[in-house]
Amino acid sequence: MPVPIALSTHGPQFSRLVAGVMTWGVWGHDLSARAIGKLIDTCLEVGITTFDHADIYGHYTTEAAFGAALRHRQGWRQQMQLISKCGIRLVCPQRPENTLKSYDLRKDYIIASAEQSLRNLGTDYLDLLLVHRPSPLMQADEVAAAIAQLKSQGKVLHFGVSNFTPSQFDYLHSVTPLVTNQVKASLLHFEPCFDGTFDQCLQHRIRPMAWSPLGGLFGRTDEAALRTADKLAEIGAYYDSPGADLLLLAWLLHHPAGILPVLGTTRPERLQAVVKALAIELTDEHWFALLEAARGREVA
Ligand SMILES: NC(=O)c1ccc[n+]([C@@H]2O[C@H](COP(=O)([O-])OP(=O)(O)OC[C@H]3O[C@@H](n4cnc5c(N)ncnc54)[C@H](OP(=O)(O)O)[C@@H]3O)[C@@H](O)[C@H]2O)c1
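What you see is a predicted model; the values in this text were computed from it and never measured. (Residues numbered from 1 in each chain as written. Predicted model: local features only at pLDDT ≥ 70, side-chain atom pairs only at ≥ 80, totals over all residues. Heavy atoms only, no water.)

> Looking at this model, I keep getting lost on the site of the ligand. Mind explaining?
Close to the ligand lie 25 residues, the nearest being Asp52, Ser162, Thr265, Thr266 and Arg270. In this structure, asparagine 163 approaches the ligand through a side-chain N or O atom, which is 2.9 Å from an oxygen atom. Separating an oxygen atom of the ligand from a side-chain N or O atom of serine 212 is a distance of 3.2 Å. The fraction of the free accessible surface of the ligand (930 Å²) that becomes covered by protein chains is 81%. In terms of residue class, the shell around the ligand is built from 9 nonpolar, 10 polar and 6 charged. (Near = heavy atom within 4 Å. Polar contact = N/O pair within 3.5 Å; in protein donor to acceptor, adjacent residues only side chain to side chain. Areas by Shrake-Rupley, 256 points an atom, 1.4 Å probe, with all protein chains shown as cover. Nonpolar A, V, L, I, M, F, W, Y, C, P; charged D, E, K, R; others polar.)

Here's what the structure looks like:
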């Protein structure tokens, strides 16, 4: 069973692979409570104990679907860690007061959103709350005040951000400690390796999380994707051909920032298989060969 790892020197302790629930509800597979329960069981069985939510998933319905699947279980909360996100206002029937898609990082909105996530999930604390997207109107002191209140009440244990540039991260981190930056990252979206995002995590001794860790490879037919798929097959031969998805994860796991991939699959058999990616030890040469294939050119 994979051992939990610390996201920062002060925690939290998460599983190295995180289950993303974005498509478990009506934004994807619209799983029944029973199917959600089975998927959670599969995750826990293989040591994936951290679940990535956002208030908006399923137009504000997926947290509640997840919570409903666990309602009658004893002791479930101690077995897992829950992440949620806040700060995006979507226009949808569930939020008639939202008339325009926008960001809202005012103190009252952050607190109300986190408290709603707690009610939806049926828990009294989140292990981690993330600001989902940076807002150009963000005032760091206002966000910090919200987080201070949520933390003092024990409703949020740790705080972080998602999709922040390094300068946006610095601005907020200067007034409230951030334990992660969850960003889009994969072999097919390698920019965080070069734009300072991962360097900043190393500098602050925090771990980034990577959403879309497979880079959409399986649905793509563009040249970069085809080149990458060929190289994954070629290099996979050195590692007992584990499959492209496992090698894509191994590529992220090899980075010294200690990235936590957030997995999007809804298939139990894939969740069982991907854990084997943790045992693949890519060589630096293979890491660069894959990068070269994805970029279409060698490093300078
Ligand atoms: N912070 C943010 O702004 C943000 C944004 C987007 C997402 N996220 C988080 O990141 C999570 C994961 O994102 P993602 O869905 O883009 O992740 P992903 O793991 O890169 O992609 C998942 C998709 O790949 C398919 N897939 C997986 N393994 C496959 C294989 N071996 N062959 C063919 N298809 C395969 C899955 O289909 P099956 O289900 O059929 O396996 C699913 O459609 C989300 O659930 C959410 O929690 C965060």
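> Could you clarify how one ought to interpret the environment of phenylalanine 14 in this entry?
The residue phenylalanine 14 is located in strand 2 (residues 13–14) in this model. Its relative accessible area of 0% is what places phenylalanine 14 among the buried residues. Those residues in contact with phenylalanine 14 that sit more than four places away from it in its chain are Pro4, Ile5, Leu7, Thr50, Gln81, Ile83, Asp127, Leu128 and Leu260. (Helix = DSSP H or I, 4+ residues; strand = E, 2+ residues; numbered from the N terminus. Buried < 20%, exposed > 50% of the residue type's maximum accessible area, 1.4 Å probe, protein only. Contact = heavy atoms within 4.5 Å.)

> Could you clarify how one ought to interpret the packing of helix 1 (residues 33–45) against helix 3 (residues 62–70) in this entry?
A packed helix pair is summarised by two numbers, namely the angle formed by the two axes and the spacing between the axes. Close contact between helix 1 and helix 3 brings their axes to 8 Å; oriented N to C, the two are set at 80°. It follows from the interaxial angle that helix 1 and helix 3 lie roughly perpendicular. Note on element contacts: helix 3 touches helix 1 through Ala65, Phe66, Ala69 and Leu70, opposite Ala33, Ile36, Gly37 and Ile40. When grouped by side-chain class, the residues that make up the contact of helix 1 with helix 3 number 7 nonpolar, 1 polar and no charged. (Axes fitted to C-alpha atoms, helices over the stretch in contact; angles between N-to-C directions. Parallel < 35°, antiparallel > 145°, perpendicular 65-115°, else oblique.)

> How should helix 3 be read in this particular structure?
Residues lying three or four places apart along an α-helix face the same way, a consequence of the helix completing one turn every 3.6 residues. All of the buried residues along helix 3 are Thr62, Glu63, Phe66, Gly67, Ala69 and Leu70. In an axial view of helix 3, the angular spread of the buried residues amounts to 160°, which keeps them on one side of the axis. Contacts from the buried residues of helix 3 go to helix 1, strand 4 (50–52), helix 2 (57–60), strand 5 (81–86) and helix 4 (107–121). (Arc of directions from axis to C-beta.)

> Where do I start with the sheet that holds strand 8 (residues 126–131) in this structure?
Two orientations exist for strands paired in a sheet by backbone hydrogen bonds: parallel and antiparallel. Taking strand neighbours around the barrel as the criterion, the 8 strands line up as 3-4-5-8-9-10-11-12 in a closed arrangement whose pairing is parallel. Each strand of the sheet is rotated relative to its neighbour by a mean of 30°, with strand direction disregarded. Of the pairings in the sheet, the one linking strand 4 to strand 5 comprises 3 bridges and is parallel in character. Looking across to strand 5, one finds that phenylalanine 51 is bridged to leucine 82. (Pairing = 2+ DSSP bridges.)

> What is the right way to read the packing of aromatic side chains from this model?
Each aromatic ring pair is specified by the distance between its two centres and by the angle formed by the two planes. Going through the model one piece at a time under the given rule, you end up with 7 aromatic pairs. On the basis of an interplanar angle of 35° and a centroid distance of 6.0 Å, the ring pair of tryptophan 24 and phenylalanine 66 is categorised as tilted. Placement of the pair is tryptophan 24 in the loop between strand 3 (18–20) and helix 1 and phenylalanine 66 in helix 3, with a sequence separation of 42 residues. Comparing tryptophan 24 with phenylalanine 66 shows no difference in burial state: the two are buried. A ring pair is formed by tryptophan 251 and tryptophan 287, whose centres lie 4.6 Å apart and whose planes are at 5°; its orientation type is stacked. Here tryptophan 251, found in helix 9 (residues 244–253), pairs with tryptophan 287, found in helix 11 (residues 284–295); they are 36 residues apart in sequence, far enough to count as distant. Assessed through its relative accessible area of 10%, tryptophan 287 is described here as buried. Taken together, the aromatic side chains of Trp24, Phe51 and Phe66 make up a single cluster linked through ring pairs. Over the ring of tyrosine 60 we find arginine 95; its NZ or CZ atom is 4.0 Å from the centre of that ring. Above the plane of the ring of phenylalanine 194 lies arginine 295, whose end atom (NZ or CZ) is 4.8 Å from the centre. (Phe/Tyr/Trp six-rings, centres within 6.5 Å; stacked < 30°, edge-to-face > 60°. Lys NZ or Arg CZ within 6 Å of the ring centre and 35° of its normal.)

Limitation: the analysis is restricted to geometry and does not speak to function.
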